[in-house]
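# Breakdown of the fold
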Amino acid sequence: MSTVVAPTEPSGTPTDVRSRRLTDRVFRLRESGIIVVLAMFVLVTTAIQPRFLDSANIQFVLVNTTVFALLALGETLVVVSRNVDLSIGSVLGLSAYMSSSLFGSIHGISVVVVFLTGLGIGLACGFANGLMVALGRVPSLVVTLATLYVIRGIDILHVGGGEVVASTLPSSFTNIPQDTFLGIPVVAIAVAVVVAAGAYYMRSFRSGRELYAIGSNPEAARLAGIPVGRRVFTAFALSGAIAGLAGVLWAAQYQTIDSSAGTGYELQVIAAVVVGGVAIFGGSGSAVGAAIGALLLATINSALNVLGISSLWVEAIAGFLLLLAISLDRVISLRLANALRLMRSRGGA
Amino acid sequence: MRWETGLAVLVVAIGILGASISSQFFSSGNIFYLGLSSGEIAIMALPMTLIIISGEIDLSVASILGMSSALLGFLWSHGWPMPAIFAMIAILGVLAGSLNAVLVTRLGLPSLAVTIGTLALYRGIALILLGANTISTFPGSYTSIGTTQISGTDLSWSAGIFLIMAVIFGIVLHVTPFGRWIYAMGASPEAALFAGIRVRRVKTILFIVSGVVCSFAGVLYTFRLATAVSNNGLGLELDVVAIALVGGVSIFGGKGSITGVVLAVLAFAGIQNALFLTNFNQEATGIVIGGLLLVSVFVPNLAGLTERGRRRLIGTARTLKAPSHGVP
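Residues numbered from 1 in each chain as written. Chains lettered and ligands numbered in written order. Predicted model: local features only at pLDDT ≥ 70, side-chain atom pairs only at ≥ 80, totals over all residues.

## Structural notes on the overall build of chain B
Scanning chain B from N- to C-terminus turns up 13 helices and two strands. In terms of principal-axis extent, the alpha carbons of chain B reach across some 100 × 55 × 35 Å. For chain B, the residues scored as buried account for 49% of the 328 residues in total. Across chain B, contacts joining residues at least 24 apart in sequence account for 79% of those joining residues at least 6 apart. (Helix = DSSP H or I, 4+ residues; strand = E, 2+ residues; numbered from the N terminus. Buried ≥ 20, exposed ≤ 12 C-beta atoms within 10 Å, placed from the backbone. Contact = placed C-beta atoms within 7 Å.)

The structure is reproduced here in structure tokens:
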């Protein structure tokens with residue numbers, strides 16, 4: 001008995017190609033949009049106060065951004081898959097203290113070992129998060145909210161009222177944020193490379209792209225055979241490891257570490273990530289955009305300082321920008337959906 | 001076993017534990033202190049519960065508290081009379097809640113992202129209003145709520161207000177049609193819409209109520225501490241969400257009760273107090289909240305996990321036992 005196969009539309013029809021091109025163009029526009037805003041900000045501020053673009057200030061902004069850009073990379077991995085990691089601030093704080101206190105307790109310890117310790121601490125926290133979210137099927141908002149508390153509590157119990165002071169840190173460590181290469185801080189270059197690598201992984205490696213699928217429609221992803229649990233676990237493990245690494249960098253930069261290190265960072269990072277074009281419900285956005293979001297917020301902070309406007313305005317501006325960004329994204333996606341619908345109804349049979 | 005029953009057992013256990021740790025636990029002074037320290041968080045947890053059940057979330061609650069505290073200090077230091085200040089703070093609460101409501105209902109934006117944005121925006125406004133200033137010149141008649149009980153009882157003013165509000169919110173949620181609409185919206189937004197429930201209107205009301213309640217909580221907070229400073233209430237939103245979740249409110253919406261939240265408040269206050277009496281580092285009590293939170297989500301899931309595991313085992317056994325398709 002012969003079976004009738006319904007004729008399928010070849011995937012290269014004009015409508016399909018046109019709608020795909022339109023979508024690509026819109027998404028790329030979104031990312032270049034933040035760069036445009038950043039450029040405008042820099043131009044306007046420099047016009048009013050040329051001091052803004054002098055090398056000392058640029059270095060300062062870049063070094064400040066590095067920690068947040070790293071955190072933004074980790075958070076992007078998680079948010080794209082339709083999860084959220086609220087524990088990164090606490091992980092950063094714990095890693096910052098525990099790794100930098102090694103200098104005081106083990107004499108002559110190498111800087112590399114300290115970095116690896118911080119990475120390891122973050123990785124352990126990320127493992128815990130990932131296990132609970134992937135295996136336990138518990139919403140990540142709740143899990144990471146709880147680990148935010150627990151990790152911060154462990155940090156406070158461990159640190160007590162103590163702190164790591166700059167005098168215990170060797171200059172080979174504290175010089176890291178200050179080393180420059182051709183005028184650009186080495187840490188900024190390193191972090192830029194890491195972020196670019198992360199974005200490349202998410203875009204061009206199968207496991208990276210699967211994160212987008214999971215965020216776009218978790219059930220469909222599961223049915224399509226994507227190992228959702230494993231991918232989500234990896235995303236959280238990486239986010240934790242990156243936060244641990246960022247903690248060590250933070251310690252090198254601020255040099256005084258107590259139990260409050262990193263408090264509140266998670267919301268700032270999420271704001272940066274959303275401003276950078278990553279959808280809060282996952283499925284779209286890139287780590288590069290998120291890092292630029294972090295850079296934008298740090299630039300605004302610096303611009304306000306330079307212009308003499310009280311830095312008290314930063315938080316309000318950041319909040320306003322976040323609201324503006326998600327409103328714009330919503331309007332754009334509605335328009336895009338409309339345009340695609342019109343295209344299909346006009347082009348289709 | 002119902003969630004609230006388990007919570008009640010927990011509260012009793014905490015009570016026993018606390019009494020065994022310190023004979024002071026149930027003393028009138030301690031009960032006063034119990035109610036005092038968690039009063040504002042408990043009050044804010046009530047509208048939060050309704051919002052989470054309806055399927056949304058409001059992370060800006062602590063910033064609204066801070067913003068109203070800053071406004072209180074700002075206006076007072078500029079010589080405004082208290083009644084006028086209270087009116088302004090109520091208006092502030094309405095405006096803050098309205099912004100959340102408009103962005104969520106009109107623009108259809110996810111409330112998680114919106115309220116993270118307004119969390120920053122409102123905290124920023126608090127910073128702009130007060131800067132680095134600290135206003136502590138409030139008259140003693142108001143700041144006495146931080147030191148005196150409601151006459152005739154051991155309760156602090158904030159605890160008493162919480163109990164009255166809990167009754168009101170409980171009636172609204174569990175008895176009125178409005179409450180049924182909230183559950184419906186959380187359980188299935190589409191079905192609720194098609195059933196004729198004014199989803200937008202209900203959510204708008206919930207966010208505005210949250211705004212007003214939180215700005216009022218800001219007044220209580222300021223008078224209790226007798227200080228208005230721009231970081232008042234910083235970070236409290238997570239405590240409020242944690243309490244609602246431990247109280248049995250499902251983060252997915254559609255499930256939860258005021259009873260559970262009240263029990264969670266008692267559990268939370270009890271644990272914090274017991275730890276205080278044992279000289280446990282106060283700042284690390286977060287571990288307990290975090291642990292409670294994890295337990296509260298894993299216990300119901302554990303039942304599901306073991307059920308899934310059991311079913312898989314039974315399924316495998318059945319296929320092994322089934323006779324193969326034989327040809328007669």
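## Description of the overall build of chain A
Within chain A one finds 13 helices and two strands. Against the 2.2 N^0.38 benchmark of 20 Å for 349 residues, chain A shows a C-alpha radius of gyration of 22 Å, consistent with a compact globule. Summarising its shape, the C-alpha atoms of chain A cover approximately 80 × 55 × 35 Å along the three principal directions. Within chain A, contacts between residues separated by at least 24 positions form 80% of all contacts whose residues are at least 6 apart in sequence. (Rg over C-alpha atoms; globule rule 2.2 N^0.38 Å.)

## A word on the packing of helix 3 (residues 61-77) of chain B against helix 4 (residues 82-106) of chain B
All names here are of chain B. It is the contact of helix 3 with helix 4, at a shortest axis distance of 10 Å, that shows an interaxial angle of 150 degrees. In terms of orientation, helix 3 lies roughly antiparallel with respect to helix 4. Relative to helix 4, the crossing made by helix 3 is right-handed. Seen from helix 3, the contacting residues are Ile 64, Met 67, Ser 68, Leu 71, Leu 72, Leu 75 and Trp 76; seen from helix 4, they are Ile 85, Met 88, Ile 89, Leu 92, Gly 93 and Ala 96. A per-class count over the contact of helix 3 with helix 4 returns 11 nonpolar, two polar and no charged. (Axes fitted to C-alpha atoms, helices over the stretch in contact; angles between N-to-C directions. Parallel < 35°, antiparallel > 145°, perpendicular 65-115°, else oblique. Left-handed = near helix turned anticlockwise from the far one by under 90°. Nonpolar A, V, L, I, M, F, W, Y, C, P; charged D, E, K, R; others polar.)

## Some remarks on the interface of chain A and chain B
Chain A puts 37 residues into the contact, and the matching count from chain B is 39 residues. The set of elements that each furnish at least two residues to the side of chain A that touches chain B consists of helix 5 (140-159), helix 11 (265-275) and helix 13 (313-347) of chain A. Here the side of chain A that touches chain B is built from residues that sort into 26 nonpolar, seven polar and four charged.

## Remarks on helix 4 of chain B
Taking 1.5 Å per residue, 25 residues should reach 36 Å; helix 4 of chain B reaches 35 Å between its end C-alpha atoms and fits that length. For helix 4 of chain B, the complete set of buried residues consists of Ile89(B), Leu92(B), Gly93(B), Ala96(B), Gly97(B), Leu99(B), Asn100(B), Ala101(B), Leu103(B) and Val104(B). Lining the buried residues of helix 4 of chain B we find helix 13 of chain A together with helix 3, helix 5 (111-130) and helix 10 (199-225) of chain B. Looking at the residues trailing helix 4 of chain B, positive phi occurs at Gly108(B), about 70 degrees. (Expected span 1.5 Å × (residues − 1).)

## Observations concerning unusual backbone geometry
Residues and elements named next belong to chain A. Even without being a glycine, Arg 82 presents a positive backbone phi close to 65 degrees. Of note, Arg 82 is situated in the loop between helix 2 (55-80) and helix 3 (88-105). Among the residues examined, Arg 82 registers 21 C-beta atoms within 10 Å and is labelled buried.

## Notes on helix 2 of chain A
Residue and element names in this part refer to chain A. Helix length check: helix 2 (26 residues) gives 35 Å between terminal C-alpha atoms against 38 Å at 1.5 Å per residue, within 8%. Its axis deflected by about 35 degrees at Thr 66, helix 2 carries its strongest bend there. Among the 26 residues of helix 2, 20 are classified as buried, and the element is accordingly described as predominantly covered. (Bend = angle between axes of the 7 residues up to and from the residue.)

## Brief notes about the packing of helix 3 of chain B against helix 10 of chain B
Residue and element names in this part refer to chain B. Look at helix 3 against helix 10: their axes get within 7 Å of each other, and the N-to-C directions meet at 55 degrees. One way to sum up the angle between helix 3 and helix 10 is to call them oblique. Helix 3 and helix 10 meet at a crossing whose hand is right-handed. Between helix 3, through Val 61, Ile 64, Leu 65, Gly 66, Ser 68, Ser 69, Leu 72 and Gly 73, and helix 10, the contact on the second element is made entirely by Ser 210, Gly 211, Cys 214, Ser 215, Ala 217, Gly 218, Val 219, Tyr 221 and Thr 222. Split into classes, the residues belonging to the contact of helix 3 with helix 10 amount to eight nonpolar, nine polar and no charged.

## Quick notes on the environment of Glu75(A)
Residues and elements named next belong to chain A. Along the chain, Glu 75 turns up in helix 2. We classify Glu 75 as buried; it has 30 C-beta atoms within 10 Å. As a C-alpha pair, Glu 75 and Ala 272 span 197 residues in sequence and 9.9 Å in three-dimensional space. Those residues in contact with Glu 75 that sit more than four places away from it in its chain are Asp 85, Ile 88, Ser 239, Val 269, Ile 270, Val 273 and Ala 290.

## Structural notes on the confidence of the model for chain B
Any residue range with low pLDDT should be treated as having predicted coordinates unsuitable for detailed reading. Model confidence for chain B is summarised by a mean pLDDT of 87, while 94% of its residues fall at 70 or above. In the model output, the complex is listed with pTM 0.85 alongside ipTM 0.80. (pLDDT = per-residue confidence, 0-100.)

## Examining the environment of Leu29(A)
Residues and elements named next belong to chain A. Structurally, Leu 29 can be placed in helix 1 (residues 14-48). Judged by the 12 C-beta atoms lying within 10 Å of it, Leu 29 is exposed. Taking C-alpha positions, Leu 29 is 52 Å from His 107, a pair spaced 78 residues apart along the chain.

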